[in-house]
Amino acid sequence: MTECRSVENFVERHRKLFILTGAGCSTSSGIPDYRDAEGKWKRRQPVTYQAFMGEEATRRRYWARSLIGWRRICCARPNGAHRALAKLEAMGRSEILLTQNVDRLHQAAGSAKVIDLHGRLDLVRCMGCERRTSRDELQDELGGLNASWLGLDALDAPDGDADLENGDFSSFAVPPCRACGGVLKPDVVFFGENVPRDRVDAALRRLDEADAMLIVGSSLMVYSGFRFVEMAARAGKPAAAVNLGRTRADGLIALKVEQACEAALAFLL
Ligand SMILES: [Zn+2]
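A short tour of the structure in this document, coming up. Worth saying up front: this structure is predicted, and the values here are computed from it rather than measured.

Quick notes on the rules
- Residues numbered from 1 in each chain as written.
- Predicted model: local features only at pLDDT ≥ 70, side-chain atom pairs only at ≥ 80, totals over all residues.
- Heavy atoms only, no water.
- Core = buried A, V, L, I, M, F, W, Y, C linked by side-chain atoms within 4.5 Å.
- Buried < 20%, exposed > 50% of the residue type's maximum accessible area, 1.4 Å probe, protein only.
- Helix = DSSP H or I, 4+ residues; strand = E, 2+ residues; numbered from the N terminus.
- Donors = N, O, S within 2.8 Å, 3.2 Å for Na, K, Ca; no water.
- Phe/Tyr/Trp six-rings, centres within 6.5 Å; stacked < 30°, edge-to-face > 60°.
- Lys NZ or Arg CZ within 6 Å of the ring centre and 35° of its normal.

**Remarks on the nonpolar core**
Side chains of nonpolar character tend, in soluble globular proteins, to be buried together.
Now for step 1: Core analysis: the largest hydrophobic core is formed by 25 residues, its most contacted members being Tyr 62, Trp 63, Leu 121 and Phe 172.
Now for step 2: If you list the elements that add at least two residues to this core, you get α2 (49-54), α3 (56-74), β4 (119-126), α6 (135-145) and β8 (184-188).
Now for step 3: By residue number, the principal contributor to this core is α3, which donates 6 residues.
Now for step 4: Within the second largest apolar cluster, 24 residues are counted, among which are Leu 20, Leu 117, Val 195 and Ala 241.

**What to know about the coordination of the zinc ion**
Working reference: metal with six octahedral donors, ideal angles 90 or 180 degrees; metal with four tetrahedral donors, ideal angle 109.5 degrees.
Now for step 1: Taken together, Cys 126 (SG), Cys 129 (SG), Cys 177 (SG) and Cys 180 (SG) make up the protein donors of the zinc ion, found 2.3 to 2.4 Å from the metal.
Now for step 2: Positions of the donor residues of the zinc ion, expressed as sequence spacing, correspond to C-x2-C-x47-C-x2-C. Taken together, the residues span a long stretch of sequence, with Cys 126 in strand β4 and Cys 177 in the loop between β7 (162-163) and β8 at a distance of 51 residues. Side by side, Cys 126 and Cys 177 carry an identical accessibility label, which is buried.

**Topic: the packing of aromatic side chains**
Now for step 1: All told, the structure shown has 9 aromatic pairs when counted by the stated rule.
Now for step 2: For the ring pair Phe 18 and Phe 228, a centre distance of 5.9 Å and an interplane angle of 25° mean the geometry is stacked. On the criterion of sequence distance, the pair formed by Phe 18 in strand β1 (residues 17-21) and Phe 228 in helix α8 (residues 223-234) is long-range, its members being 210 residues apart. Across the pair, exposure class does not vary: Phe 18 and Phe 228 are buried alike.
Now for step 3: Between Phe 52 and Phe 190 the ring centres are 5.2 Å apart and the planes differ by 80°, which places this aromatic pair in the edge-to-face class. On the criterion of sequence distance, the pair formed by Phe 52 in helix α2 and Phe 190 in the loop between β8 and α7 (197-209) is long-range, its members being 138 residues apart. Across this residue pair, the class does not change: Phe 52 and Phe 190 are buried.
Now for step 4: The rings of Phe 52, Tyr 62, Trp 63 and Phe 190 are connected pair by pair, giving a single aromatic cluster.
Now for step 5: Lying over the aromatic face of Phe 190, Lys 185 brings its terminal NZ or CZ to 4.5 Å of the ring centre.
Now for step 6: One residue, Arg 248, lies across the ring of Phe 226, its end atom 4.3 Å from the ring centre.

Listed below in structure tokens is the structure:
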């Protein structure tokens, strides 16, 4: 209880918060996270940008697994942590919410000042002509082309992926872009891919305006998120983190609360 009290105190003391969220925010919405309490991978590493763009076999496997995994992502609903952070924004206390999650659950909970650092899984991007289309539309198309795969069940993995083991994916059909025939890719930043510069810059401008940083449900193991904590530290802005387990920024933050996100933020609701 004392710990929870201190997140409350931290939020009370700092007027404009730069909020950074990660997978721990969405686990109780049924979306699994990548890493254990030590910050290590829980399962095989996700597909890289290089493998996805370079190998057709990788794309077949990705989309086959995604056909199964998307069903869980698209029916996920926001939890108390998402609602608590939306409330902070409604109270005028959020300078920006920068999320590493691609599930859009912050927006579903009512947050509007959000930057999706790693993109969004509900859109598909054509790597040839940059056209964006909806993931639901592609789901219908994938299902139509690969009806025999729809009955499969698998352990869901993060980011709408699914652990389909030992499959022969060579028969799985992946449609090209209808406009230009290009390669379709989920509109998210893959491992091995850079976050678009303008997105980083937009977030940094918000960090300039913030008094402090609140990290919720992230181990910050990925540099794209960690660099914002480094910047905050350099600018002398205090940071607090709610996370089950260690974070890469443990040496940089003023306050660390090892609790589930929903429980730690319950005082806002
Ligand atoms: Zn295209």
